[in-house]
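Architecture and fold: a report
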Amino acid sequence: MDANWRLLGEPLVGLDRAGFYESYLERLIALTSPDDAQLPDYQFRLGDLLTERHRYWNLRARSHDEPIFRAEQAKDSSRAAAERAAQEREQQQAAEALRQAVERFLAAAKHLRY
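Now for a quick tour of the structure. This one's a predicted model, so the numbers in the text were calculated from it and none came from an experiment. (Residues numbered from 1 in each chain as written. Predicted model: local features only at pLDDT ≥ 70, side-chain atom pairs only at ≥ 80, totals over all residues. Heavy atoms only, no water.)

**Remarks on the nonpolar core**
What tends to happen in soluble globular proteins is that the nonpolar side chains get buried as a cluster. In terms of nonpolar packing, the biggest core is built from eight residues, these being L25, I29, L39, Y42, L46, L49, L50 and A101. Tallying contributions element by element places helix α3 (residues 39-62) first for this core, with five residues. (Core = buried A, V, L, I, M, F, W, Y, C linked by side-chain atoms within 4.5 Å. Buried < 20%, exposed > 50% of the residue type's maximum accessible area, 1.4 Å probe, protein only. Helix = DSSP H or I, 4+ residues; strand = E, 2+ residues; numbered from the N terminus.)

Here it is as structure tokens:
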């Protein structure tokens, strides 16, 4: 998985740091006037961070493909089930991040000036 991270250019510098930026932008959006010209830019930036979060969780979910395959080949059903459960949790997190990103992009697109 380390090689994949390097190929993608270190997604999400770190989840903690990305979470800080996401909450900062959410507070900024909440405090910004609806007619402020910067509001769509803040929405778009937040959508971009959430897209990175989606990529992170999707890559994490896909990292379970090979261990699942190997466990099935070794007839280790308990390990395969554990890997599948972890993969499902990470796929759900990826889907939620993507849903939130699309929601932010749509909010940004509603502004006529953007």
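**Focus: the pattern of salt bridges**
On inspection of all chains with the given rule, the structure shows nine salt bridges. Two residues, R62 and D65, come together in a salt bridge whose shortest N-O distance is 3.0 Å. On the basis of relative accessible area, R62 is assigned to the partly exposed category, the value being 34%. Looking at D65, the relative accessible area reads 34%, which means it is partly exposed. A salt bridge links E103 to R99, with the shortest nitrogen-to-oxygen separation between them at 2.9 Å. A residue pair is termed a helical-turn pair when its members lie 3 or 4 positions apart in one helix, as E103 and R99 do in helix α5 (residues 77-109) at four residues. For R99, a relative accessible area of 43% puts it in the partly exposed group. Three or more residues are tied together by salt bridges with common partners; here these are E96, R99 and E103. (Salt bridge = Lys/Arg side-chain N within 4 Å of Asp/Glu carboxyl O.)

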